[in-house]
Amino acid sequence: MRVEVRIGAVQEVEADAVVVNLFEGVTTPGGATAAVDRALEGRISRVLAAGDFRGRLGETLVLYTDGRIPAPRVILVGLGPEASFNAEKVRHAAAAAAQRARDLRVRTLATVVHGAGRGGLSPEEAAQATVEGVLLGLYTYQRKKENAGGSGPETLLLVEFDAAKEAAIAAGARRAETLARFVNRVRDWVNEPGSDMTPRRLAEEVRGLAAEVGVRVQVLDEHQIAALGMGALTAVARGSEEPPRFIILEYAPEGRLERPVVLVGKGITFDSGGLNLKSEEGMLTMKGDMAGAAAVLGATLAAAALGLPVPVVALAPACENMPSGKSYKPGDILRALNGKTIEIVNTDAEGRLILADALSYAARYAPRAVIDVATLTGAAIIALGQDVAAALFSDHEELAAALLRAAEATGERLWRMPLWEDYLERIKSDVADVKNSGGRYGGLGTSAMFLKQFAPEGVPWAHLDIAPMDMAEKARGYIPKGGTGFGVRLLVRYLEDPRP
């Protein structure tokens, strides 16, 4: 979609439809909505008086203009209560309007910038949220459809009456375009069938994007992985015919990579559970078990495209977890890159194993902070609910607070969980340094404590278990059914002002 900024009155713009808005409970239109209402000889006011539109968040109503303004349709969208208005509400409202326009087969859509000056939003922030809502809300997975059809309007016009705001609105729109591009690419990766989105294919796609945005990429094959001493990643990959890959992205603004933020993502491109085989139902969404790797790769590429000043490294161990005569087994003892040994008690607790090697590798960068992202446990879904929030663990207060602020700004909700030492007792092994599962109860905490044993010592570290958020069971606002792209915008927002 092409995004342009137009200075002028929205009721005078030539488009197939124009979008204006109202807060919930408003009975008299104001601002640009009032100007459109006057041009339509009070049609919006009459709709409000009749109670046919209440302004609930995402509520839409189409009015036909009968030649009174250049656009043949007006799409009225609700912003919800003004008291709780924020950027997240803008994204949802913009998505609802864009989806209605898609249903109407609109090609050129003009919209006001929702909420500038309300809810503490600057014109740039409001423009960014508006464009994010449109571009993310119109996403559909189309790679495997022969006749995919149109995905929505071809042109989006952001209309602003005040010329002094043009530069700010343009900057917000450009930023939103970049973020949406990489979020939607991550969604594609997560939605791809596991037979197609293999470790090698993921590495190929990342190579192409890295070349576009000027990020150094290195992809280690199975022989290089083994030679490094990554015994955990090597073991998990052993049962599959598909070889593993270890993908390394290095974004060094102005050629400097000192004290980068290191992002580590779980890249199980398909998880059968290994010899501890999952149920039929449990395997249905396991093509998305690489969503953590996809998120950290996408965030790093987006950071580069946006020209953020902080150096970033993304580490993505990628492999399949499959059953075969070569599979690793319960009772095996593996040695990770940092030398620690791991007793295997469950081959379906494989994500933490490949992350153990990647977290160990992160130490060589002397990072300012390390954040790992993974669809790690079903326990996270049980604790927090599907499509509600991801779990945050950290041993560093400032890092945790920075991530929570980023989550609040982007609408990608995190909930901080305890990292009690009690969990360490549950993963102690009689025959190795640790075991890869603490049993049925407390699995969310024991998995995080396991990862902590491999994070670089003395470095602020956080773990995001995004199992509740990687794939949505049904569409909601700008979040589509299937791959969500969760974490990309959150991590980029954190990288804008990384703490510590």
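Before any of the text, the structure's been laid out above.
All of these numbers come straight from a predicted model, not from anything done at the bench.

(A) How the structure looks around the environment of Arg43. Its place among the elements puts Arg43 in helix 2 (residues 43–49). Excluding anything up to four places from it in sequence, Arg43 contacts Asp37, Tyr64, Thr65, Asp66 and Arg68. Within polar-contact distance, the side chain of Arg43 engages the side chain of Asp66 at 2.8 Å.

(B) Inspection of the packing of aromatic side chains at higher detail. In the structure shown here, the tally under the stated rule is five aromatic pairs. Look at Phe23 and Phe85: their rings are 5.1 Å apart centre to centre, the planes differ by 85°, and that puts the pair in the edge-to-face class. Of the two residues, Phe23 sits in the loop between strand 2 (17–22) and helix 1 (31–39) while Phe85 sits in the loop between strand 4 (73–78) and helix 3 (87–103), which places them 62 residues apart along the sequence. Like Phe23, the residue Phe85 is buried in the burial classification. Seen in terms of ring centroids, Trp420 and Tyr423 are 6.1 Å apart; in terms of plane orientation they differ by 25°. Their pairing is stacked. One aromatic cluster in this structure is built from Phe246, Tyr361 and Tyr365. The positively charged end of Lys340 is found above the aromatic ring belonging to Phe454, 6.0 Å away from the centroid.

(C) How the structure looks around the nonpolar core. Membership of the largest hydrophobic core comes to 101 residues, with the highest contact counts inside it found for Leu158, Trp189, Leu297, Ile371, Leu403 and Tyr494. Tallying contributions element by element places helix 9 (residues 291–306) first for this core, with 11 residues. Of all hydrophobic cores here, the second largest spans 54 residues; its members include Ala235, Val313, Ala336 and Val459.

(D) Molecular detail of the sheet that holds strand 5 (residues 108–112). Strands sit in the order 1-6-5-2-4-3 across an open sheet of six strands; the sheet is mixed. Looking at the sheet topology across the chains shown, the edges are occupied by strand 1 (2–7) and strand 3 (60–64). Averaged over all adjacent pairs, the angle separating strand axes in this sheet is 25°, with direction ignored. Where strand 2 meets strand 4, five bridges bridge the pair, whose relative direction is parallel. Counted as the bridge partner of Val18 is Val74 from strand 4. Its contacts with the sheet put helix 3 on strand 2, strand 3, strand 4 and strand 5, and the angle it makes with strand 4 is roughly 150°. In this fold helix 5 (residues 166–191) packs onto strand 1 and strand 6 (155–160), with an angle of close to 170° to the strand it touches most, strand 1.

(E) Quick peek at the pattern of salt bridges. This structure, assessed with the given rule, holds 31 salt bridges. Among the salt bridges present, the one from Glu177 reaches Arg174, with a minimum N-O distance of 2.6 Å. Taken together, the residues Glu177 and Arg174, both in helix 5 and three residues apart, mark about one turn of the helix. Arg181 is paired through a salt bridge with Glu212; the nearest N and O atoms lie 2.4 Å apart. Residue Arg181 is located in helix 5, and its partner Glu212 is located in helix 6 (residues 199–213); the two are separated by 31 residues in the primary sequence. The partly exposed category is assigned to Arg181, whose relative accessible area is 38%. What makes Glu212 exposed here is its relative accessible area of 53%. Three or more residues joined by partner-sharing salt bridges are found here, namely Glu41, Arg43, Asp66 and Arg68.

(F) Structural context of helix 3. Look at helix 3: 24 Å from first C-alpha to last across 17 residues, which is about the 24 Å you get at 1.5 Å a residue. By the N-cap criterion, in which a side-chain oxygen at the helix start approaches the backbone nitrogen of a residue two or three places on, helix 3 is capped by Asn86, the distance to Glu88 being 3.1 Å. Taken from the residues just after helix 3, Arg105 is the one with a positive phi, measuring 60°.

(G) Highlighting the sheet that holds strand 13 (residues 341–343). Taken in spatial order, the three strands of this open sheet run 12-13-17, and their pairing is mixed. The open sheet has two edge strands with one neighbour each: strand 12 (333–335) and strand 17 (434–435). Alignment of strand 13 against strand 17, held across two bridges, turns out to be parallel. Bridged to Ile342 within strand 17 is Val434.

(H) Focus on helix 9. The terminal C-alpha atoms of helix 9 lie 22 Å apart, and with 16 residues this matches the ideal 22 Å at 1.5 Å per residue to within 8%. By the criterion of burial, helix 9 is predominantly enclosed, with 14 of the 16 residues buried. Downstream of helix 9 by one or two residues, Gly307 has phi in the positive range, about 70°.

(I) Seen up close, the side chain of Thr198. Within the secondary structure, Thr198 sits in the loop between helix 5 and helix 6. Residue contacts for Thr198: discarding those within four places in its chain leaves Glu242, Thr269 and Glu320.

Scoring rules and cut-offs
- Each residue is numbered by its place in its chain's sequence as written, counting from 1.
- Under the rules for a predicted model, residues below a pLDDT of 70 receive no local features and side-chain atom pairs below 80 are neither given nor counted, while totals for whole chains, interfaces and linings still include all residues.
- Excluding hydrogens and water, the side-chain figures rest on all heavy atoms present in the structure.
- By definition, any uninterrupted DSSP run of H or I lasting at least four residues is a helix, any uninterrupted run of E lasting at least two residues is a strand, and each is numbered from the N terminus.
- Two residues qualify as a contact provided that any one of their heavy atoms is within 4.5 Å of a heavy atom in the partner residue.
- The definition of a polar contact used here is a pair of N or O atoms within 3.5 Å, where within protein one atom must be able to donate a hydrogen and the other to accept one, and adjacent residues in sequence count solely through side-chain atom pairs.
- What counts as a ring pair is set by centres within 6.5 Å for rings of Phe, Tyr and Trp (its six-membered ring), and what kind of pair is set by the plane angle: stacked under 30 degrees, edge-to-face over 60, tilted for all other angles.
- Think of it in three bands: residues with accessible area under 20% of the maximum for their type are buried, residues over 50% are exposed, and the middle band is partly exposed, with areas taken using a 1.4 Å probe on protein chains only.
- A ring is considered to have a charge above it if a Lys NZ or an Arg CZ atom is located within 6 Å of its centre and within 35 degrees of its normal.
- As used here, the term nonpolar core means buried Ala, Val, Leu, Ile, Met, Phe, Trp, Tyr and Cys residues forming a set that is joined through side-chain atoms within 4.5 Å.
- At least two DSSP bridges between two strands are required for those strands to pair.
- Note on definitions: angles span 0 to 180 degrees between N-to-C directions of axes, and those axes are lines fitted to C-alpha atoms, for helices only across the stretch in contact.
- By salt bridge we mean one thing: a side-chain nitrogen of Lys or Arg within 4 Å of a carboxyl oxygen of Asp or Glu.
- A helix is expected to reach a length of 1.5 Å times the quantity of its residues less one.

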